[in-house]
Amino acid sequence: MSKKEKPEELEIKVETFDYNLNPYQTVTTELDEHNEPHVVLTNIEEPRRKQVPEYTSQLRGRIVEVPKEIYEASGIMIFGSRIKSLLFTTDVAIIRNSNAQSVMAVYPFTPQGAITQSIISAASIPVFVGVGGGTTTGQRSVQLAFQAEIMGAYGVVVNSPMKNEVIKEINKTIDIPLIATISSFHDDFMGKLEAGADILNISGGAETVDLVKHIRDTVGPDVPIIATGGPSGEAVKATIEAGANAITYTPPTSAEIFAEVMKKYRHDLDESTEDASH
């Protein structure tokens, strides 16, 4: 009987990792020469400011980052979580690949439980969901708010047209924060607070900073204020200095990110083809 042959030894390659560096690729937006936002992909190897244990991977190294200026906000404590950044999107792919601390899932259609459940199930961070205010209102919004709480939402958001009477009914029905959106100086923000709104969400377009300052001066320091931060770090800082406690950030879409990724792939392929031809 012949002896079994000794199996060949496998060569195992172990990649070393520099634990003093934090390598990843950020997805951010910057303003171009026409003052329009565009997607920027940046490879980062950032020295650590503190010795913080961290797990990263090659497959999940691309992160949609909120502007760093958001961390200068005080934040809002909700159920023990201090929230400074809210990602304004319903795209679960973006939600799963972002460093934002929470999600504001509001969209321009009547709210639907299936959409709410999908986002809450996919997200690993708190989700605040829209329950109407314009087309959708009344008892339907009250029921949607209660349903959102049962599904696990951290809070509900009503749009600026929502009547104070409905806000009062929602407030009596749920045990999670009720966030009321304010879109102009003509909005009855005091009436919404008196009706039971717990947090104000300021979305005033170009007038957001002035609107935040006006409301903060009126309501004092204790009312929590969320506000849109604008397309640049300077705009975010101005909004925080005006009195916002937390900032909503609108990320680039998956299509915009994919377009930039494909542009990079084509560029790398062109370079490798040129190198091979020499």
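The paragraphs below set out a description of the structure included in this document. (Residues numbered from 1 in each chain as written. Predicted model: local features only at pLDDT ≥ 70, side-chain atom pairs only at ≥ 80, totals over all residues. Heavy atoms only, no water.)

## Regarding a nonpolar patch on the surface
And then number 1: A cluster of nonpolar side chains, namely F258, M262 and Y265, defines an oily patch on the protein surface of about 330 Å² accessible area.
And then number 2: By secondary structure assignment, the location of M262 is in helix α8 (residues 254-277). (Patch = residues over 30% accessible without salt bridge, like charges linked within 9 Å, V, L, I, M, F, W, Y side chains within 5 Å. Areas by Shrake-Rupley, 256 points an atom, 1.4 Å probe, with all protein chains shown as cover. Salt bridge = Lys/Arg side-chain N within 4 Å of Asp/Glu carboxyl O. Helix = DSSP H or I, 4+ residues; strand = E, 2+ residues; numbered from the N terminus.)

## Digging into helix α7 (residues 233-242)
And then number 1: All of the buried residues along α7 are G233, V236, T239, I240 and A242.
And then number 2: Against the buried residues of α7 lie α6 (208-219), β12 (225-228) and β13 (246-249).
And then number 3: Positive backbone phi, approximately 135°, marks G243, located one or two places after α7. (Buried < 20%, exposed > 50% of the residue type's maximum accessible area, 1.4 Å probe, protein only. Contact = heavy atoms within 4.5 Å.)

## Digging into the sheet that holds strand β6 (residues 85-88)
Pairing between the strands of a sheet comes from backbone hydrogen bonds, and it takes one of two forms, parallel or antiparallel.
And then number 1: Taken together, the 8 strands give a closed barrel; going around it, the order is β6-β7-β8-β9-β10-β11-β12-β13, and neighbouring strands pair in parallel fashion. Averaged over all neighbouring strand pairs, the angle between strand axes comes to 25°, with direction disregarded.
And then number 2: Most of the contacts of α6 go to β12, to which it runs at about 170°, and overall it touches β10 (178-182), β11 (199-202) and β12. (Pairing = 2+ DSSP bridges. Axes fitted to C-alpha atoms, helices over the stretch in contact; angles between N-to-C directions.)

## Overview of the side chain of K192
And then number 1: Here K192 is to be found in helix α5 (residues 189-195).
And then number 2: Taking the relative accessible area as the measure of exposure, K192 reaches 3% and is therefore buried.
And then number 3: Among all residues touching K192, those that are not within four sequence positions of it are N159, S160, M162, N164, I167, A180, T181, I182, D187 and A197.

## Some thoughts on the side chain of S102
And then number 1: Relative to the helices and strands, S102 is located in strand β7 (residues 102-105).
And then number 2: Other than its neighbours up to four places away in sequence, S102 contacts I83, S85, L86, L87, I125, P126 and F128.

## Section: unusual backbone geometry
And then number 1: Despite not being glycine, F79 has its phi angle at roughly 50°, a positive value.
And then number 2: Turning to its location among the elements, F79 is positioned in the loop between β4 (76-78) and β5 (81-83).

## Details of the packing of aromatic side chains
And then number 1: For the structure on display, the rule yields 2 aromatic pairs.
And then number 2: Pairing F128 with Y154 gives two aromatic rings, centres 6.2 Å apart and planes at 85°, and the pair type is edge-to-face. Here F128, found in strand β8 (residues 127-130), pairs with Y154, found in the loop between α3 (138-151) and β9 (155-158); they are 26 residues apart in sequence, far enough to count as distant.
And then number 3: Owing to a relative accessible area of 1%, F128 belongs among the buried residues under this scheme.
And then number 4: With relative accessibility at 21%, the residue Y154 sits in the partly exposed group.
And then number 5: In this structure an aromatic cluster arises from ring pairing among F79, F128 and Y154. (Phe/Tyr/Trp six-rings, centres within 6.5 Å; stacked < 30°, edge-to-face > 60°.)

## Quick look at the packing of α3 against helix α4 (residues 164-173)
The description of two helices packed together rests on the angle between their axes and the distance between the axes.
And then number 1: At a minimum axis distance of 9 Å, the contact between α3 and α4 shows a crossing angle of 30°. The angle between α3 and α4 falls in the class roughly parallel. By crossing handedness, the relation of α3 to α4 is classed as right-handed. The residues of α4 that touch α3, namely those facing G138, S141, V142, A145, F146 and E149, are V166, E169, I170 and T173.
And then number 2: Residues belonging to the contact of α3 with α4 are distributed by class as follows: 5 nonpolar, 3 polar and 2 charged. (Parallel < 35°, antiparallel > 145°, perpendicular 65-115°, else oblique. Left-handed = near helix turned anticlockwise from the far one by under 90°. Nonpolar A, V, L, I, M, F, W, Y, C, P; charged D, E, K, R; others polar.)

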